[in-house]
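# Reading the structure
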Amino acid sequence: MASAVVPRLDVLKALGDDTRYAIYGQLVRSRRPLATAEVAERLGLHPNTVRPHLERMREVGLLDVQVDTRPGVGRPQHLYGLAPEAPSLALVSSSVPLVARMLARLATAAGASGDDAVGVGRVQGQADATAFADSASCLEALVAELDELGFDPTVSAPDDDDGAADDDGAAVIAFAHCPFGELAEAHPELVCSLHRGIVEGFVEALGGGEVDDFHPLAHRRPCQVTLISR
């Protein structure tokens, strides 16, 4: 069943409040659903101020909410994201996903390989690393980068659940969310290779670590990377 379109009058009423509009803008720009505390931190507001605004937008159909019950995250959190038919209000161009899909088809038609995609991603990762030059560790910086990109990363020791690196400096960063979603499912070799390149280029440029393994969608334990700190 198709999602109902949010009535325009309800949109105008819900977003007529300046604070609510600012909150909605953060969710439009985010590549993943956000918890109340995250929205509050980004806007410098108290969570108790943000919460009723989020609920108001959910009530009129602008937002969807899901409960994050992953182990190790404390009390379950409500994560808010745009409803399928919610308007972007031109904050994010609706043409961007279309262009991404066309470029993926073009790359496939041109015979671009996974190695080609890794190379392109590596250049981007190296550029992104410059913003994290003052980070305390390579692991901390990579997790921050992946979080900024929308992968909702979680860290654990290999084959462990204690949420930390092991004695050899190895840590597994799992991706709880893929911001590329449908595109990665349609073109896993290209899209996952771009992601791998970003991670490898980022770590190489920043120093202090080494990518030991990267598991794409096709792997039996997909969507994670093992990083060894140096």
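Structure first, text after, so check above.
Now for a description of the structure that goes with this document. (Residues numbered from 1 in each chain as written. Predicted model: local features only at pLDDT ≥ 70, side-chain atom pairs only at ≥ 80, totals over all residues. Heavy atoms only, no water.)

## Some remarks on the sheet that holds strand E5 (residues 170-175)
Whenever strands of a sheet pair, they do so through backbone hydrogen bonds, lying parallel or antiparallel. Taken in spatial order, the four strands make up an open sheet running E4-E5-E7-E6, and their pairing is antiparallel. The outermost strands of the open sheet, each flanked by one partner alone, are strand E4 (153-156) and strand E6 (209-215). Taking each pair of neighbouring strands and ignoring which way they run, the sheet shows an average axis angle of 25°. Bridge count between E5 and strand E7 (residues 224-229): five bridges; the pairing is antiparallel. Its bridge partner lying in E7, Ala171 is registered against Leu227. Along the sheet face, helix H7 (residues 138-149) touches E4, E5, E6 and E7 and points at about 5° away from the line of E5. Strands in contact with helix H9 (residues 188-206) are E5, E6 and E7; relative to E6, the strand with the most contacts, it is inclined by about 170°. (Pairing = 2+ DSSP bridges. Helix = DSSP H or I, 4+ residues; strand = E, 2+ residues; numbered from the N terminus. Axes fitted to C-alpha atoms, helices over the stretch in contact; angles between N-to-C directions. Contact = heavy atoms within 4.5 Å.)

## Notes on the nonpolar core
One broad trend across soluble globular proteins is that nonpolar side chains are buried collectively. The biggest cluster of nonpolar side chains holds 21 residues, and the ones touching the most others in it are Leu142, Leu146, Ile173, Phe175, Val199 and Val225. For this core, the elements supplying multiple residues, two or more each, are H7, E5, H9, E6 and E7. If you tally residues by element for this core, the top one is H7, at seven residues. Sequence-distant contacts of Val225, that is, excluding residues within four places in its chain, are made with Ala171, Val172, Ile173, Phe175, Val199, Val211, Asp213 and Phe214. (Core = buried A, V, L, I, M, F, W, Y, C linked by side-chain atoms within 4.5 Å. Buried < 20%, exposed > 50% of the residue type's maximum accessible area, 1.4 Å probe, protein only.)

## Details of the pairing of strand E3 (residues 77-82)
A regular strand carries its side chains on alternate faces of the sheet. Where strand E1 (residues 34-35) meets E3, two bridges bridge the pair, whose relative direction is antiparallel. Bridging across to E3, Ala35 finds its partner in Leu79.

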